[in-house]
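Single-letter residue listing:
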Amino acid sequence: QVQLVESGGGLVQPGGSLRLSCAASGSIFSINAMGWYRQAPGKQRELVARITSDGTTTYALSVKDRFTISRDNAKNTVYLQLNSLKPEDTTVYYCNADVRSTRYGPYREVWGQGTLVTVSS
């Protein structure tokens, strides 16, 4: 079993910043890509940012130049720095990781429980 636990969400004023963290624990041999997604009520879950094991990053156009994704492979943790936040960034953010539990086993997609980010004055 692998668990992803997110933290760092909360209430922030427009223009403010937050830092989300997501730590993976459990039966982990290796982690490939890790990422952050978000889902507003009534909408599909969308990719916010993604980072591969070698550090290659991908961002949604709506957050590029405002959000920064990073990871600490030694800690099995991925971070998302959210700057210049806007009210439209308000939603639940989910952590995602492709995890292999044994040397020759398959990578499996794991999701966190989500953390709420609210941008409001």
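Because the structure is a prediction, the values reported are computed rather than measured.

Trainee: Got a minute to help me understand the sheet that holds strand β3 (residues 18-26) in this structure?
Mentor: The pairing of strands in a sheet comes from backbone hydrogen bonds and takes either a parallel or an antiparallel form. Here 4 strands make up an open sheet; going across it, the order is β1-β3-β8-β7 and the pairing antiparallel. Looking at the sheet topology across the chains shown, the edges are occupied by β1 (2-7) and β7 (67-72). Taking each pair of neighbouring strands and ignoring which way they run, the sheet shows an average axis angle of 15°. Here 6 bridges tie β7 to strand β8 (residues 77-82), and the two strands are oriented antiparallel to one another. Counted as the bridge partner of I69 is L80 from β8.

Trainee: Is there a simple way to think about the pattern of salt bridges in this case?
Mentor: Pairs may arise between side chains of opposite charge once their charged atoms sit close together. Scanning the entire structure with this criterion turns up 3 salt bridges. Salt-bridge contacts for E46 lead to R38; the nearest nitrogen and oxygen are separated by 2.8 Å. Overall, the relative accessible area of 7% leaves R38 in the buried class. Close ionic contact of R38 with D89 constitutes a salt bridge, the shortest N to O distance being 3.0 Å. Residue R38 is located in strand β4 (residues 30-39), and its partner D89 is located in the loop between β8 and β9 (91-100); the two are separated by 51 residues in the primary sequence. Residue D89 is classed as buried on the basis of its relative accessible area of 1%. Connected through salt bridges with shared partners, the residues R38, E46, R66 and D89 form a single ionic network.

Trainee: I'm lost on the environment of T58 in this one. Help?
Mentor: Looking at where T58 falls in the secondary structure, it is placed in strand β6 (residues 57-59). Taking the C-alpha atoms as reference points, T58 and T68, 10 residues apart in sequence, are found 9.8 Å from one another.

Rules used throughout
Residues numbered from 1 in each chain as written. Predicted model: local features only at pLDDT ≥ 70, side-chain atom pairs only at ≥ 80, totals over all residues. Heavy atoms only, no water. Pairing = 2+ DSSP bridges. Helix = DSSP H or I, 4+ residues; strand = E, 2+ residues; numbered from the N terminus. Axes fitted to C-alpha atoms, helices over the stretch in contact; angles between N-to-C directions. Salt bridge = Lys/Arg side-chain N within 4 Å of Asp/Glu carboxyl O. Buried < 20%, exposed > 50% of the residue type's maximum accessible area, 1.4 Å probe, protein only.

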